[in-house]
Amino acid sequence: MAEPSTDATQKTPPRQAWARGRLVDLGLEAVSLSMLAFIATGLVVWSGRREISRELAEGWLREHGIEAAVEIDDLDATGFSGRVRLGSRENPVFAADRLEVAYDLAAPWTGQRFGIQTKAVRLVRPRILASVDNKGRVRFGALQPLIDEALKSPRKPNVPGPAILVEDARLDLSTPGGRVRLTGDASLDDGQLLRLDGRLAPLRYAVPDLALTAKGATVTARKRGDRLTVEVSLAIDSLEAKDADLAGASAKLSADLPYPDLARMRASGPLEARLALRAENGRAGEGQARDLAADLSLAGRFDGGLDAFAFLGRSRGTVRGERLSAPSLDARSASVSLEAPRVAIDHRQGRTAVRGAIQSALTAEQVLAGGAALGGGRGAGPRPPPGG
């Protein structure tokens, strides 16, 4: 049987027993598809008949409390193809129109235990239904006990993961703030993301102190050596938060960062990021802006993960607006340049501390200070960053 085509380089790993613990490195879609590969490849090789293989797979899943439907189109000693549905017909947790798996068999007469080593997986139009709880944990409904059991299995050293190609995927997430739909394509190899092209559908998201209405977003990521480049573009109708508001906004974030250790969810190394923001109206604290344009950059070293991290580096930027206002200050056709030669950010236990000094300079065609017109002007001075 021909192996499924992938963007990643195919390879022939040593013939060893398959470890279910490979799930830990593969992300949301990869977790589900690797589990499917385990279900299918671990059972179908015991029979040369597709019908018996299908019944074995469905029976094994029923024993684990999972309603399923498995169709096998082709099966031989090197791989199989078919389609899978996990969960109810009306509301499946996982379904794929086509699943292709290529594997190597370790036979007893070679001196090894009988086993399967998955080489490559291709998923076409996978559909995943998941939820995010109040603690930020992603849950997969009826599949969660099976996933939890697999995650407890230790990863075997020197056993590479498969090359994985995901085409036209859709992930529906139920979150505390509303339903979120993500679609896209991805490729992985040995548990590492090589390429991601994702799209966020229009959404309304609302939680205490935050409400967001967005037209959608795009996300691209590429792995280059030990670096990961990410670009995110977001179109915002409105954003309302406790300390900031935006209306009619668009944002683009570009970042070059160290590739994270997915098992530990940590990263360490140089980081560079740029943010370009445009908005019809904006507010930050007591300051407001109309026809806002902001360009900010950050460069330095990052160490840690999402729950706790430290950053040390520098930042600079420019904020322009047809009108910028703050208590006792009103500027027309104004521009503010910002520079922080040394910025330290520390995030732990849900709290973020920012230390450093920001040099700022204001230029404007007209400035009103305390009700008095100053005409065109320029002012500068250091000030501490928020939280500093």
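Just so we're clear, the structure is a prediction, and the values are computed from it rather than from any experiment. (Residues numbered from 1 in each chain as written. Predicted model: local features only at pLDDT ≥ 70, side-chain atom pairs only at ≥ 80, totals over all residues. Heavy atoms only, no water.)

Looking at the overall build of the protein
- A tally of regular secondary structure across the protein gives three helices and 19 strands.
- Expressed as a percentage of the 388 residues in the protein, the buried residues total 41%.
- Once local pairs closer than 6 in sequence are excluded, the contacts in the protein between residues at least 24 apart make up 53%.
- Of the roughly 20,600 Å² of accessible surface on the protein, a fraction of 53% belongs to carbon and sulfur atoms. (Helix = DSSP H or I, 4+ residues; strand = E, 2+ residues; numbered from the N terminus. Buried < 20%, exposed > 50% of the residue type's maximum accessible area, 1.4 Å probe, protein only. Contact = heavy atoms within 4.5 Å. Areas by Shrake-Rupley, 256 points an atom, 1.4 Å probe, with all protein chains shown as cover.)

Re the packing of aromatic side chains
- Evaluated as defined, the whole model comprises one aromatic pair.
- Positioned above the aromatic ring of Tyr 259, the side-chain terminus of Lys 223 is 5.3 Å from the ring centre. (Phe/Tyr/Trp six-rings, centres within 6.5 Å; stacked < 30°, edge-to-face > 60°. Lys NZ or Arg CZ within 6 Å of the ring centre and 35° of its normal.)

Here we look at unusual backbone geometry
- At Arg 125, a position not held by glycine, the phi torsion is positive, near 50°.
- Positive phi, close to 55°, is recorded for Asp 168, a residue that is not glycine.

As for a negative patch on the surface
- Taken together, Glu 280, Asp 291, Glu 322 and Glu 365 make up a surface patch of like negative charges.
- Take Glu 365: it is sitting in strand E18 (residues 358-369). (Patch = residues over 30% accessible without salt bridge, like charges linked within 9 Å, V, L, I, M, F, W, Y side chains within 5 Å. Salt bridge = Lys/Arg side-chain N within 4 Å of Asp/Glu carboxyl O. Lys, Arg positive; Asp, Glu negative; His and termini not counted. Charge placed at Lys NZ, Arg CZ, Asp CG, Glu CD.)

Details of the pairing of strand E10 (residues 210-224)
- One ladder, built from six bridges, connects strand E8 (residues 192-200) with E10; its direction is antiparallel. When the sheet's bridge partners are listed, Leu 200 is paired in E10 with Ala 217.
- Note that strand E9 (residues 203-207) and E10 share five bridges and pair antiparallel. Within E10, the residue paired with Ala 206 across the bridge is Ala 211.
- Between E9 and E10, which pair antiparallel one after the other, the connecting turn spans two residues, and Asp 209 there sits at a positive phi close to 70°.
- Pairing between E10 and strand E11 (residues 227-241): 14 bridges, direction antiparallel. Residue pairing in the sheet places Gly 216 in a bridge with Ala 235 of E11. (Pairing = 2+ DSSP bridges.)

Remarks on the pattern of salt bridges
- In total, this model carries 22 salt bridges according to the counting rule given.
- Residue Asp 73 is joined to Arg 98 by a salt bridge in which the shortest nitrogen-to-oxygen separation is 3.7 Å. One end of the pair, Asp 73, is in strand E1 (residues 68-76); the other, Arg 98, is in strand E3 (residues 92-106), and 25 residues separate them in sequence.
- Residue classification places Asp 73 among the partly exposed positions, given a relative accessible area of 34%.
- A residue is classified by how much of its surface remains accessible, and Arg 98, at 31% relative accessible area, is partly exposed.
- One salt-bridge network, in which partners are shared between bridges, spans Asp 73, Arg 98, Glu 100, Arg 122 and Glu 167.

A look at the nonpolar core
- With 57 residues, the main nonpolar core has Leu 86, Phe 94, Leu 99, Phe 140, Leu 143, Leu 246 and Leu 277 as its most contacted residues.
- Of all the elements, E3 adds the most residues to this core, at six residues.
- Counting 11 residues, the second largest nonpolar core, distinct from the first, contains Ala 273, Phe 302, Phe 311 and Val 343. (Core = buried A, V, L, I, M, F, W, Y, C linked by side-chain atoms within 4.5 Å.)

Re a nonpolar patch on the surface
- On the surface, a nonpolar cluster with roughly 210 Å² of combined accessible area is contributed by Leu 253, Leu 275 and Leu 296.
- Counting through the fold element by element, Leu 275 comes out in strand E13 (residues 267-284).

Overview of the side chain of Thr 175
- Inspection of the secondary structure assignment puts Thr 175 in strand E6 (residues 163-175).
- Setting aside residues up to four positions removed in sequence, Thr 175 forms contacts with Val 132, Val 180 and Tyr 205.

Side note on the environment of Glu 231
- Here Glu 231 shows up in strand E11.
- Taking relative accessible area as the criterion, Glu 231 reaches 39% and is therefore assigned partly exposed.
- Excluding anything up to four places from it in sequence, Glu 231 contacts Thr 218, Val 219, Thr 220, Lys 252, Leu 253 and Ser 254.

What about the environment of Ala 279?
- Its place among the elements puts Ala 279 in strand E13.
- Note on Ala 279: relative accessible area 6%, which makes it buried.
- Measuring from C-alpha to C-alpha, the distance between Ala 279 and Gly 321 comes to 9.5 Å, with 42 residues separating the pair along the chain.
- Residues contacting Ala 279, with those up to four places away along its chain left out, are Leu 246, Ala 247, Gly 248, Ala 249, Asp 291 and Leu 292.

Here we look at the confidence of the model for the protein
- Residues of the protein with pLDDT of at least 70 account for 74%, and the chain-wide mean is 80.
- Across residues 6-49 the pLDDT falls below 50, and counting only partners more than four positions away or on other chains, this stretch makes 131 contacts in the model. (pLDDT = per-residue confidence, 0-100.)

Section: the side chain of His 347
- The topology assignment puts His 347 in strand E16 (residues 329-348).
- Polar side-chain contacts of His 347 include one of 3.4 Å to the backbone oxygen of Arg 351.
- Filtering out sequence-adjacent residues up to four positions away, His 347 remains in contact with Leu 306, Asp 307, Ala 308, Phe 309 and Thr 352. (Polar contact = N/O pair within 3.5 Å; in protein donor to acceptor, adjacent residues only side chain to side chain.)

Details of the environment of Ala 247
- With respect to the helices and strands, the residue Ala 247 is situated in strand E12 (residues 244-258).
- Since its relative accessible area comes to 26%, Ala 247 is described here as partly exposed.
- A C-alpha to C-alpha distance of 5.3 Å links Ala 247 and Asn 281, two positions 34 residues apart in sequence.
- Excluding residues within four positions of it along the chain, Ala 247 makes contact with Asp 237, Ser 238, Ala 279, Glu 280 and Asn 281.

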